[in-house]
Amino acid sequence: EALREELQQREAQEREVQREQDLTRKLLGRMAGTWSWREHEVRSREVLKAQQNHLEAAIQDKLQLQQTAESLRRQNTALVEGLRGAEAMAKAAEEDKRRAVEARGEVE
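Reading guide: rules and limits
- Residues numbered from 1 in each chain as written.
- Predicted model: local features only at pLDDT ≥ 70, side-chain atom pairs only at ≥ 80, totals over all residues.
- Heavy atoms only, no water.
- Helix = DSSP H or I, 4+ residues; strand = E, 2+ residues; numbered from the N terminus.
- Rg over C-alpha atoms; globule rule 2.2 N^0.38 Å.
- Buried < 20%, exposed > 50% of the residue type's maximum accessible area, 1.4 Å probe, protein only.
- Areas by Shrake-Rupley, 256 points an atom, 1.4 Å probe, with all protein chains shown as cover.
- Lys, Arg positive; Asp, Glu negative; His and termini not counted.
- Charge placed at Lys NZ, Arg CZ, Asp CG, Glu CD.
- Salt bridge = Lys/Arg side-chain N within 4 Å of Asp/Glu carboxyl O.

> What should I look at first to understand the overall build of the protein in this one?
Scanning the protein for helices and strands turns up one helix and zero strands. Taking 2.2 N^0.38 as the reference for a compact globule, 108 residues should give roughly 13 Å; the C-alpha atoms of the protein span a radius of gyration of 46 Å, well beyond that estimate. In terms of overall dimensions, the protein has a C-alpha envelope of 155 × 10 × 5 Å along the principal axes. Out of the 108 residues in the protein, the part that is buried amounts to 0%. Surface accessibility of the protein: about 10,400 Å² in total, with carbon and sulfur atoms responsible for 55%. Within the protein, one finds 20 positive and 22 negative side-chain charges whose respective centroids are separated by 2 Å.

> Could you clarify how one ought to interpret the pattern of salt bridges in this entry?
Under the counting rule described, the total for this entry stands at ten salt bridges. A salt bridge links D22 to R25, with the shortest nitrogen-to-oxygen separation between them at 3.2 Å. You can see D22 and its partner R25 sitting in helix α1 (residues 2-107), three residues apart, about one turn around the helix. By relative accessible area, R25 is classed as exposed at 52%.

> Help me understand the environment of Q75 in this model?
Positionally, Q75 belongs in helix α1. With 20 residues separating them in the primary sequence, Q75 and L55 have C-alpha atoms 30 Å apart.

Here it is as structure tokens:
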């Protein structure tokens, strides 16, 4: 009878230990899930931050390219105006030369 009681107590203790181990596994599983969720959240934030940094860099590059394009447009406009001025001066010089030749012809 005493052995039976001791056996039942040990079985009860083993069930209690087993129950505690099961609870511990469940808690660790949940914590591991929480840890992986937190790791996922941290990694997601890191990825989003990197994407934001790349986006900001791309925006800065775009602004710089727009400024460069505007500067080139201004330079191009100045060159075109200079070319038109040079063409007008060349045309005026040709006209002056033609008149001078005509005037010489009339003088002779």
